[in-house]
Amino acid sequence: MNIEQFLSEERSRVMNLFSSSHKTGFLSKHDLSDWFVSQIQQQNFKCYYCETSIFDIKKLIGAKLLTTRKIRYGERGPILEIDKKLNGLGYLKTNCVLACYYCNNDKSYTLNADQYKTYFGPARNVFFKVLLNELEPKTLQ
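Parameters and conventions
Think of each chain on its own: its residues are numbered from 1, step by step along the sequence as written. Owing to the predicted nature of the model, reporting of local features is limited to residues with pLDDT of at least 70; listing and counting of side-chain atom pairs is limited to 80 or more, with chain, interface and lining totals taken over all residues. Values shown for side chains rest on all heavy atoms present in the structure; no hydrogens or waters enter the calculation. Strands here are runs of E lasting at least two residues and helices are runs of H or I lasting at least four, both read from the DSSP assignment and numbered beginning at the N terminus. We take the radius of gyration over the C-alpha atoms and set the globule estimate at 2.2 Å times the residue count to the 0.38 power. Only protein chains enter the accessibility calculation, which uses a 1.4 Å probe; a residue is then buried when its area is under 20% of its type maximum, exposed when over 50%, and partly exposed in between. Contact definition: two residues touch when any of their heavy atoms are within 4.5 Å. To measure how exposed things are, a 1.4 Å probe is used in the Shrake-Rupley method; for residues, cover is taken only from the protein chains shown. The pairing test for Phe, Tyr and Trp rings, Trp by its six-membered ring, is centres within 6.5 Å, and the orientation test on the planes gives stacked under 30 degrees, edge-to-face over 60, and tilted for anything in between. In our convention, an over-ring charge means Lys NZ or Arg CZ found within 6 Å of a ring centre and within 35 degrees of that ring's normal.

A. Structural context of the overall build of the chain. Looking only at helices and strands, the chain has 6 helices and 4 strands in total. Listing the helices and strands of the chain from first to last along the sequence gives α-α-α-β-β-β-β-α-α-α. Against the compact-globule benchmark of 14 Å for 141 residues, the chain has a radius of gyration of 16 Å, which places it among compact chains. Each principal axis of the C-alpha distribution contributes one length, and for the chain these read about 60 × 35 × 30 Å. Taking all 141 residues of the chain together, the buried fraction comes to 40%. Long-range pairs, those at least 24 residues apart, make up 57% of the contacts in the chain between residues at least 6 apart in sequence. For the chain, the accessible surface area stands at approximately 8600 Å², while carbon and sulfur atoms represent 52% of it.

Structural data, given as structure tokens:
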């Protein structure tokens, strides 16, 4: 799948997720999906917190080095999710970033975005790199 196909699929997926909780900061499902596509490109297809590529996370899931969580409309893990940096502000464009499921679930409502990005994101990135290295073919020494 090329980048254009990926973005098209993400745009459609996000349009289907639009709900009343998003209406405070996004005018319509098109507004939300336009923001999402712009944001994912701005973040270079990486989680805001751990800065791991969603494509690397998908590789780890495919290799069964990471697990996902089934939910009623799919699964959490192989996509970047919309996260509110500050919980009390709601879904405002200036308050939202895209996060991997693992960071989003871990950060939850206990830490603000800056705290999580500073103290926990880098450690998760290191962990994902270790897992990715396990996928590399071992060379004879």
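From this point, the narrative continues.
B. Structural detail: the packing of aromatic side chains. For the structure shown, the criterion picks out 10 aromatic pairs. When the ring of Y116 is compared with that of F120, the centres are 5.4 Å apart and the planes differ by 25 degrees; the resulting orientation is stacked. The class for Y116 is buried, based on a relative accessible area of 1%. What links up through ring pairs into an aromatic cluster is the set Y48, Y49, Y116 and F120. The ring of Y48 has K117 sitting right over it, with the charged end atom 4.5 Å from the ring centre.

C. Inspection of unusual backbone geometry at higher detail. For N44, which is not a glycine, the phi torsion comes out positive at approximately 55 degrees. For N44, the location among the structural elements is in the loop between α2 (29-42) and α3 (54-62). N44 sits in the partly exposed class, given a relative accessible area of 47%. Despite not being glycine, F45 has its phi angle at roughly 60 degrees, a positive value. Here F45 shows up in the loop between α2 and α3. What makes F45 buried here is its relative accessible area of 11%.

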